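Fold and contact review
Residues per chain are reported as follows:
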Amino acid sequence: MRRNPRELDSTHRKMSRRTLVLGGAQLALIGALGMRMRYMQVDQADQFRLLAEENRVNIRLIPPARGELFDRNGERLAHNSPSYRIIIVPEDAGNVEKVIADLSRLVELDEEDLNRALTEMRRSPPFLPITLADQVTWDDISKIAVNAPALPGITPEVGLTRVYPRQADLAHVIGYVGPVSDYDLKQIDDPEPVLRIPRFQIGKVGLEAKREDVLRGKAGAKRVEVNATGRVMRELDRREGQSGADLQLTVDADLQGYVQARLGNESAAAVVIDCQTGDLSAICSSPSFDPNLFVRGISVADYRGLTDDPYRPLANKTVQGTYPPGSTFKMITAMAALEEGLVSPGETVWCPGHLEVSGRRFHCWKRGGHGHVDLNTSLMRSCDVYYYDVAIKVGIDKISAMAKRFGLGVRHDIPMSAVAEGLAPNRAWKERVHNDAWRIGDTANSSIGQGFMLASPLQLAVMSARLATGREVTPRLVKKINGIEQPSGAGESLGMNENNLRQVRRGMYDVSNNRRGTAYRSRIIADEFRMAGKTGTSQVRNITKAERAAGVIHNRDLPWERRDHALFVCFAPYDNPRYAVSVIVEHGGGGSTAAAPIARDVMLQALYGDTPPLSAYPAGDRNKIKAQQERLHREYPGVAAPVSDRA
């Protein structure tokens, strides 16, 4: 069939346009390729020539700067300091033994650090950098730089290391960092690459470990060009990491330092909590240690000295230690009875010095007894028989429930290591744990904070703050994260009968301010700062019937580890509570003689915000207190001088 000439002409024109379009696209592509080839062969010739001459590009992580820690007033508690170190990349070094030998002729290498590095080399990939020496001097770095061609695989670096300027004052609170270990890596699912950086530091214990998530930050990276010997030729590009968050704690570093000094060489603990906010103003465990020793790896001798000490300086007694609370628990038993309406404040119990319970005699601390005792007198003079009698009426389950409402037997969520739950036992607990029935004698023992009952100094401070305010005060350790205020621990009302709380508080007031009170000698004289408190003495041994008949052996005649624990809890000012304090002195003997004076001094330091005037103390104690203040200032430079000595 013959085609129309017009159709042929139209088809020809379409083919011509298509050919032009395709041809143009091909020319554009060829032109672009030509320009790229010119750019690579002419403009970038030097760079690719350098890369081709047996060089290679490595990607190296840049450790992030760890977040810093500050006290509530902005004083730095933990910061990062530049640290010069020497690293080696085994695959770049070739003959590692020869290179290390050459290096040791230039700089002094610690044998322990060197052995640790050799161990790391044997278990690490050959391309992974290994730290040979840390905290080296600038002179050593200069020597290595001058002799770099003769030291293949050796590189001097500047890193950051953690420093704790307050040393032992906050060791148990902050904890410390240390190099990542194999154990650490096994505890982490899919560990970040930054954790494999040589000698990279992570939190090991305390706040450093518990808030590792926000303190560590995010690693950066850099591309570096190295030659065949492993020497860095130049840095091609860099992506900075993200620094960790800065944390502001609730702790007052000056108050913390004073409390640590006041505890001295005792095996003891003290906690100061703000009744209005729940802020932990001081939380001290004694004796303490210098966390800086752990940052770069503690020596065997130093570590053995800490672990062999019978006073256990590594243990954080404030949250980890749990003790029978002794008579400091009596307010809980009283509140359980009052809230149940089973006793009235004016109702009395006869105390002849003991109470017969199921054929067993439970003794009062006062052998001759207290006579007729009501609620106020039972607290003021710490009568045990009153609480045996009351507890049997109430029952252990209600006492246990009341203890938990006041913060005992409850694990408080603060970022510190090994925070203990304590124990407020009940019938179900004994059946579950001991497969045994609860007995009425167990209730009598628990009513005075003995038997199975256990509490930490932190819990006792929380209990005191809740008694003082009637609110569910919750401890808070971190005040701000990167400037953002954290939730307050002020808490809501406990829902207790205010009159019942008032009766218990009045009894605690008389403990410290009535001449017959067990802590009268440790009272505060300043009217605006009057203190309410409660002494406690908890037994750590059984007293036999024969010993009671012959006379109970005095604590001072017993070995230290068999002496009673001494406790004291308090709050002040009585009319408008600002702080609550708990103190425990392990095997200190009596709470009135060993713990109450410390608590009184700590409370005054917190209330005044500085060394208190002597006028706040009883007149008979002022010479002794002045000498104590002068000694603390002399032995602990961070403690302020007595008021009279200041300009």
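A brief report on the enclosed structure follows. (Residues numbered from 1 in each chain as written. Predicted model: local features only at pLDDT ≥ 70, side-chain atom pairs only at ≥ 80, totals over all residues. Heavy atoms only, no water.)

1. What to know about the overall build of the protein
In terms of helices and strands, the protein carries 24 helices and 21 strands. Computed over the C-alpha atoms, the radius of gyration of the protein is 35 Å, more than 25% above the 26 Å expected from 2.2 N^0.38 for a compact globule of 647 residues. When its C-alpha atoms are laid out on the principal axes, the protein stretches across 130 × 85 × 60 Å. Considering the protein as a whole, with its 647 residues, one finds that 50% of them fall into the buried category. (Helix = DSSP H or I, 4+ residues; strand = E, 2+ residues; numbered from the N terminus. Rg over C-alpha atoms; globule rule 2.2 N^0.38 Å. Buried < 20%, exposed > 50% of the residue type's maximum accessible area, 1.4 Å probe, protein only.)

2. Points about the sheet that holds strand S21 (residues 579-585)
Two strands in a sheet stick together by hydrogen bonds in their backbones, pointing the same way (parallel) or opposite ways (antiparallel). Across the sheet, 5 strands lie side by side as S12-S11-S21-S20-S19; this open sheet has antiparallel pairing. Strand pairing shows two members of the sheet lacking a second neighbour, strand S12 (280-286) and strand S19 (532-538), which therefore form its edges. Taking the axes of each pair of neighbouring strands and ignoring which way they run, one obtains an average angle of 10° across the sheet. Here 6 bridges tie strand S11 (residues 268-274) to S12, and the two strands are oriented antiparallel to one another. Bridge pairing in S12 links Ile 273 to Leu 280. Running over the sheet, helix H11 (residues 253-263) touches S11 and S12 and is turned about 30° from S12. (Pairing = 2+ DSSP bridges. Axes fitted to C-alpha atoms, helices over the stretch in contact; angles between N-to-C directions. Contact = heavy atoms within 4.5 Å.)

3. Details of the nonpolar core
In this structure, Phe 406, Met 463, Leu 467 and Val 504 are the most contacted members of the largest nonpolar core, which totals 95 residues. It is helix H20 (residues 457-469) that provides the largest number of residues to this core, a total of 8 residues. With sequence-adjacent residues up to four places away left out, Leu 467 is seen in contact with Met 331, Met 335, Phe 406, Leu 501, Val 504, Arg 505 and Met 508. Listed in part, the 39 residues of the second largest apolar core include Val 272, Cys 284, Met 531 and Cys 570. (Core = buried A, V, L, I, M, F, W, Y, C linked by side-chain atoms within 4.5 Å.)

4. As for helix H23 (residues 591-608)
End to end, H23 covers 24 Å across 18 residues, agreeing with the expected 26 Å (1.5 Å per residue, within 8%). Among the 18 residues of H23, 15 are classified as buried, and the element is accordingly described as predominantly covered. (Expected span 1.5 Å × (residues − 1).)

5. Things to note about the pattern of salt bridges
Inspection of every chain in the model, using the stated rule, returns 32 salt bridges. For Arg 312, the salt bridge identified is with Glu 586, shortest N-O distance 2.5 Å. Within this pair, whereas Arg 312 is found in the loop between helix H13 (300-307) and helix H14 (330-339), its partner Glu 586 is found in the loop between S21 and H23, the two being separated by 274 residues in sequence. Of the residues examined, Glu 586 reaches a relative accessible area of 4% and is grouped as buried. (Salt bridge = Lys/Arg side-chain N within 4 Å of Asp/Glu carboxyl O.)

6. Thoughts on unusual backbone geometry
With an omega of -5°, the peptide bond running from Ser 286 to Pro 287 counts as cis. By the element assignment, Pro 287 lies in the loop between S12 and helix H12 (292-295). Omega for the bond connecting Ala 572 with Pro 573 falls within 30 degrees of zero, at -10°, which places this linkage in the cis form. Even without glycine at this site, Asn 435 takes up a positive phi of about 50°. Turning to its location among the elements, Asn 435 is positioned in the loop between helix H18 (427-434) and helix H19 (440-447). Given the relative accessible area of 63%, Asn 435 is considered exposed.

7. Describing the packing of H14 against helix H17 (residues 396-405)
Close contact between H14 and H17 brings their axes to 9 Å; oriented N to C, the two are set at 115°. In terms of orientation, H14 lies roughly perpendicular with respect to H17. Of the two possible hands of crossing, H14 and H17 adopt the one that is right-handed. Where H14 approaches H17, its residues Ile 332, Thr 333, Met 335, Ala 336 and Glu 339 are matched on the opposing element by Lys 398, Ile 399, Met 402 and Ala 403. (Parallel < 35°, antiparallel > 145°, perpendicular 65-115°, else oblique. Left-handed = near helix turned anticlockwise from the far one by under 90°.)

8. What to know about the packing of aromatic side chains
The description of an aromatic ring pair uses the distance of the two centres, along with the angle that the planes make with each other. Per the stated rule, a full pass over the model turns up 12 aromatic pairs. A ring pair is formed by Tyr 176 and Phe 294, whose centres lie 4.2 Å apart and whose planes are at 15°; its orientation type is stacked. On the criterion of sequence distance, the pair formed by Tyr 176 in strand S6 (residues 176-179) and Phe 294 in helix H12 is long-range, its members being 118 residues apart. Between Phe 571 and Tyr 574, the aromatic rings sit 6.4 Å apart at their centres with planes inclined by 20°, giving stacked as the arrangement. We note that Phe 571, like Tyr 574, is buried. Grouped by ring-pair contacts, the aromatic residues Tyr 176, Phe 289, Phe 294 and Tyr 303 constitute a single cluster. Here Arg 523 stacks its cationic end above the ring of Tyr 520, 3.9 Å away from the centre of that ring. (Phe/Tyr/Trp six-rings, centres within 6.5 Å; stacked < 30°, edge-to-face > 60°. Lys NZ or Arg CZ within 6 Å of the ring centre and 35° of its normal.)

9. Some words on the environment of Gln 256
Position of Gln 256 relative to the elements: it lies in helix H11. Distance in space between the C-alpha atoms of Gln 256 and Val 271 is 9.4 Å, their sequence separation being 15 residues. Setting aside chain neighbours within four positions, we find Gln 256 in contact with Asp 169, Leu 170, Val 173, Val 251, Ser 281, Ala 282, Ile 283 and Cys 284.

10. Some remarks on H11
By the criterion of burial, H11 is predominantly enclosed, with 10 of the 11 residues buried. Among the residues making up H11, those that are buried are Ala 253, Leu 255, Gln 256, Gly 257, Tyr 258, Val 259, Gln 260, Ala 261, Arg 262 and Leu 263. In this structure, the buried side of H11 is in contact with strand S3 (76-88), helix H7 (171-174), S11, S12, H23 and helix H24 (622-635). Capping of H11 at its N-terminal end is provided by Asp 252; its side-chain oxygen lies 3.0 Å from the backbone amide nitrogen of Asp 254. Positive backbone phi, at 60°, marks Gly 264, one or two positions downstream of H11. (Polar contact = N/O pair within 3.5 Å; in protein donor to acceptor, adjacent residues only side chain to side chain.)

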